[in-house]
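Examining the three-dimensional arrangement
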Amino acid sequence: MAAIQLTDLTKRYGDHLAVDGVDLTIELGEVFGFLGPNGAGKSTTINILLDFIRPTGGTATVLGYDAQREPRAVHERVGVLPEGYSLYDRLTGREHLRLAGRLNGCSVDVETVLDRIGLAPADAERPAGTYSTGMSQRLALGMATVGDPDLLVLDEPTSGLDPHGVSLLKRLVRAEADRGTTVFFSSHVLDHVEAVCDRVGILDTGRLIAVDTINGLREAVSAEMPGVEASGAELPDELTLEALFELYTTGTDASRQQAAVPGGEQ
Amino acid sequence: MSTTTADTPTGTTGLDRVAAIARKEFVHGVRSRTLQVLLAALLGTTALVFWAAERLADPSLSPVGLLGLPLQLLVPVAAILIGSAAVSGERESGSLRLLLGMPPSRTEVVLGKLLGGASVLVAGLAVTFGWALLVSRLTVGSVPVGPLVGVAIATVLLGGAFLGLSIGVSSAVSTAKRSLAATFGAFLGVTFLWEPLVAGVYYLVSGSLPGAEVPGWLLFLDRSNPIEAYAIASNMLGAAGVSSLRVSIGLLGTNPSAGVAERIGQTVPVYLTDPVSVVVLVGWLVVPVVAGLARFRRADL
């Protein structure tokens with residue numbers, strides 16, 4: 001059983017293909033980074049996994065359950081940090097964690113969770129409406145881990161976090177992975193995923209253009225980009241998303257143009 | 001597949017999840033400054049009504065009948081404020097994703113919202129009517145327990161009707177602004193436009209305005225108005241003198257103050273009896289929720 005299996009997954013909004021025939025398998029226990037610029041279709045894909053939106057075509061299974069036909073089974077086993085979420089401004093941090101416990105059917109050791117997410121106990125007694133973005137993000141992450149999920153789905157978990165928050169997130173992801181949890185998270189900042197991911201997938205305008213390990217991508221970049229080799233470095237230390245995009249999108253554009261030429265001449 | 005002793009799920013039932021959401025909704029609701037202000041307005045108005053009843057000392061005026069009038073404004077407004085953003089507001093802000101990312105289904109979220117909103121409403125009305133008992137003792141001297149209980153039951157049903165309408169609309173649309181506009185529009189519609197609309201239906205069917213004698217279905221349409229049903233239910237439940245707070249300009253027959261039997265010129269059919277008013281109010285609660293839910297379940301969020 002795969003943690004996540006996408007088969008020819010497609011979501012169309014009118015003329016716009018938000019997700020365009022994506023095939024992807026993520027194994028159990030893997031930490032997978034889902035990369036791409038804003039608007040690439042990352043959130044749409046994740047929202048289909050969570051049955052927030054319904055695909056136009058193809059299927060998505062999560063931990064062996066069909067995301068659209070068996071959403072409850074999925075949600076009972078998955079912890080989620082959704083895109084564009086917000087907290088209940090009149091409920092305290094503690095009340096949020098208690099709510100997550102009640103909805104997941106488990107007792108929550110609030111102090112342990114607070115410790116794990118780096119939220120001060122005094123802050124947990126304040127309404128979430130008074131929280132900074134970083135504090136809200138930590139609390140939401142804490143809620144996602146309640147109930148010991150088999151899979152964590154984190155949509156842009158580093159957005160709004162300061163460097164300290166980012167490193168805390170990386171530690172949390174590592175700790176969850178060490179406990180055997182599969183982690184699937186999206187980001188538009190490569191720097192945030194490369195240290196923790198076993199593999200990454202790159203999504204561009206709805207299409208999955210590359211799936212590889214970080215090292216695999218690094219080698220591809222150094223092999224294909226003469227500028228990098230000319231600088232004398234064996235492997236680029238700074239593997240940027242921009243470099244990856246240049247590599248993969250110009251490659252596909254070139255092959256597309258080549259394929260188009262004979263037809264165009266007729 | 002790791003295990004910890006502290007937070008391993010033991011499983012929940014649908015009822016657990018609905019109750020957890022209702023509980024959250026109740027706590028969030030009673031902390032709302034707007035609803036606190038509205039409760040203060042209810043308490044102030046109640047005191048004012050009994051004080052006025054004492055000062056006027058008019059035996060034909062029932063204080064409880066008088067109290068029924070402001071309740072028909074404040075309680076629908078409270079229900080709309082509780083319900084109209086309940087689902088759409090969370091959909092807009094994104095907290096709905098947090099909730100739906102956990103085990104509850106969309107249906108359970110809506111039912112939890114309904115239950116939680118109803119608890120806020122019932123708690124507010126319990127305080128109001130407890131206060132009314134006290135104030136009536138201090139002003140008019142006697143405590144009209146029977147009429148107050150009657151109007152309290154009818155008022156809970158009225159609140160439920162507008163709560164159901166609001167949550168139904170809230171489930172069907174994607175932003176709080178839209179659901180607020182639609183539910184307030186519906187409230188204004190049942191208050192100001194119901195009679196012309198019903199008369200318009202009659203005109204379409206018969207080509208003229210209603211005369212002295214009117215068909216039963218015309219009265220049924222008129223009595224399907226939740227505000228009208230509230231007045232009927234209040235009087236039926238012992239709170240004599242509650243009249244409906246809605247605009248009526250005499251379009252529905254030339255003999256509007258006559259009894260039902262006289263207006264339709266025959267014995268009263270079951271659907272025009274007073275207990276049907278309770279069915280009407282429950283219908284305003286249930287039908288919009290079911291319809292809104294059907295749409296919400298299919299929506300891309």
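Residues numbered from 1 in each chain as written. Chains lettered and ligands numbered in written order. Predicted model: local features only at pLDDT ≥ 70, side-chain atom pairs only at ≥ 80, totals over all residues.

A few points about the overall build of chain A
A tally of regular secondary structure across chain A gives 10 helices and 10 strands. A buried classification covers 46% of the 266 residues belonging to chain A. Intrachain contacts of chain A at a sequence separation of at least 6 include 66% that bridge at least 24 residues. (Helix = DSSP H or I, 4+ residues; strand = E, 2+ residues; numbered from the N terminus. Buried ≥ 20, exposed ≤ 12 C-beta atoms within 10 Å, placed from the backbone. Contact = placed C-beta atoms within 7 Å.)

Quick look at the overall build of chain B
Broken down by element type, chain B carries 12 helices and zero strands. Reading the secondary structure of chain B in the N-to-C direction produces α-α-α-α-α-α-α-α-α-α-α-α. Along the longest, intermediate and shortest principal axes, the C-alpha atoms of chain B span 75 × 55 × 30 Å. Looking at the 301 residues of chain B, the share that counts as buried comes to 47%. Within chain B, contacts between residues separated by at least 24 positions form 82% of all contacts whose residues are at least 6 apart in sequence.

As for helix H4 (residues 110-117) of chain A
Residues and elements named next belong to chain A. Of the positions making up H4, those classed as buried are Val110, Val113, Leu114 and Ile117. Taken around the axis of H4, the buried residues stretch over an arc of 100°, which confines them to a single face. Elements in contact with the buried residues of H4: helix H3 (93-104) and helix H5 (133-145). (Arc of directions from axis to C-beta.)

Some details on the pairing of strand E7 (residues 151-155) of chain A
Residue and element names in this part refer to chain A. The element E7 is largely enclosed, with a buried count of five among its five residues. Here strand E6 (residues 78-81) runs beside E7; their pairing, made up of four bridges, is parallel. Across the sheet, Val80 pairs through a bridge with Val153, a residue of E7. Pairing of E7 with strand E8 (residues 182-187) involves five bridges; the strand directions are parallel. The residue bridging Val153 from the neighbouring strand is Phe184, located in E8. In terms of handedness, the path from E7 via helix H6 (residues 163-178) over to E8 forms a crossover that is right-handed. (Pairing = 2+ DSSP bridges. Right-handed = clockwise from strand over helix to strand, strands pointing away.)

Let's talk about the UniProt feature "transmembrane region" (unreviewed entry) in chain B
Residues and elements named next belong to chain B. As recorded in UniProt, the feature "transmembrane region" (unreviewed entry) lies at residues 34-53, 65-89, 110-133, 145-168, 180-205 and 276-296. Summarising residues 145-168: 100% helix, 0% strand, and an end-to-end C-alpha distance of 34 Å. Taken end to end, residues 180-205 is 100% helix and 0% strand, and its first and last C-alpha atoms sit 33 Å apart. (UniProt positions renumbered as here; feature names shortened; annotations may be inferred.)

Re helix H1 (residues 14-30) of chain B
An ideal rise of 1.5 Å per residue puts 24 Å on 17 residues; H1 of chain B measures up with 24 Å between its terminal C-alpha atoms. Listed in full, the buried residues belonging to H1 of chain B are Arg17, Val18, Ala20, Ile21, Ala22, Lys24, Glu25 and Gly29 of chain B. Contact partners of the buried residues in H1 of chain B: H3 of chain A together with helix H2 (33-56), helix H3 (63-83) and helix H6 (106-138) of chain B. (Expected span 1.5 Å × (residues − 1).)

Remarks on the interface of chain B and chain A
Across the contact, 30 residues belong to chain B and 37 residues belong to chain A. Among the elements of the structure, H1 and helix H5 (95-100) of chain B are those that each provide at least two residues to the side of chain B that touches chain A. For the side of chain B that touches chain A, the element with the highest residue contribution is H1 of chain B, accounting for six residues. Across the side of chain B that touches chain A, the residue classes tally to 11 nonpolar, 12 polar and seven charged. (Nonpolar A, V, L, I, M, F, W, Y, C, P; charged D, E, K, R; others polar.)

With respect to the packing of H3 of chain B against helix H7 (residues 145-172) of chain B
All names here are of chain B. Their axes nearest at 8 Å, the elements H3 and H7 cross at an angle of 25°. On the basis of the axis angle, H3 is roughly parallel to H7. Crossing angle aside, the handedness with which H3 passes H7 is right-handed. Contacts between H3 and H7 pair Val64, Leu67, Gly68, Leu71, Val75, Pro76, Ala78, Ala79, Ile80, Ile82 and Gly83 from the former with Pro147, Leu148, Val151, Thr155, Leu158, Gly159, Phe162, Leu163, Ser166, Ile167 and Ser170 from the latter. Counted by class, the contact of H3 with H7 contains 16 nonpolar, six polar and no charged residues. (Axes fitted to C-alpha atoms, helices over the stretch in contact; angles between N-to-C directions. Parallel < 35°, antiparallel > 145°, perpendicular 65-115°, else oblique. Left-handed = near helix turned anticlockwise from the far one by under 90°.)

Some words on the nonpolar core
Val153 of chain A together with Leu281 of chain B are the most contacted members of the largest nonpolar core, which has 154 residues in total. The residues contacting Leu281 of chain B, other than those within four sequence positions of it, are Leu157, Leu158, Gly160, Ala161, Pro226, Ala229, Tyr230 and Ala233 of chain B. (Core = buried A, V, L, I, M, F, W, Y, C linked by C-beta atoms within 7 Å.)

Some thoughts on the pairing of E8 of chain A
All names here are of chain A. Where burial is concerned, most of E8 is hidden: six out of the six residues are buried. Both faces of E8 are covered, namely the face carrying Thr182, Phe184 and Ser186 and the face carrying Val183, Phe185 and Ser187. Here strand E3 (residues 31-35) pairs with E8 via five bridges, running parallel. Note that in E8 the partner of Val31 across the bridge is Val183.

Observations regarding the sheet that holds E6 of chain A
Residues and elements named next belong to chain A. With respect to topology, six strands assemble into an open sheet ordered E6-E7-E8-E3-E9-E10, the strand pairing being mixed. The open sheet has two free edges, formed respectively by E6 and strand E10 (207-212), since each of these has just one partner strand. Between one strand and the next, the sheet's axes are offset by a mean angle of 15°, whatever the strand orientation. Along the sheet, helix H1 (residues 42-49) makes contact with E3, E7, E8 and strand E9 (199-204), crossing E7 at roughly 145°.

A closer look at the packing of H2 of chain B against H3 of chain B
All names here are of chain B. Between H2 and H3, the least distance of the axes is 9 Å, while the angle of their chain directions is 175°. Overall, the two elements H2 and H3 adopt an arrangement that is roughly antiparallel. Across from Thr34, Leu35, Leu38, Ala41, Leu42, Thr45, Thr46, Val49, Phe50 and Ala53 in H2, the residues of H3 making contact are Pro63, Leu66, Leu67, Pro70, Leu74, Ala78, Leu81 and Ile82.

Regarding the sheet that holds strand E1 (residues 4-13) of chain A
Either a parallel or an antiparallel arrangement is found when strands of a sheet pair, and the pairing is made through backbone hydrogen bonds. All names here are of chain A. Pairing in this open sheet of four strands is antiparallel, and the strands run E2-E1-E4-E5 from one edge to the other. Looking at which strands have only one partner, the edges of the open sheet turn out to be strand E2 (16-26) and strand E5 (65-66). Of the strands in this sheet, E1, E2 and strand E4 (57-62) touch H1, which is tilted by about 115° from E1.

Considering the confidence of the model for chain A
All names here are of chain A. Residues with a pLDDT of 70 or more make up 84% of chain A, whose mean pLDDT is 85. Taken element by element, the predicted model of chain A shows its lowest mean pLDDT in helix H9 (residues 226-230) (49) and its highest in E5 (97). Across residues 228-236, confidence stays below pLDDT 50; counting only partners more than four residues off in sequence or on other chains, it has 10 contacts. (pLDDT = per-residue confidence, 0-100.)

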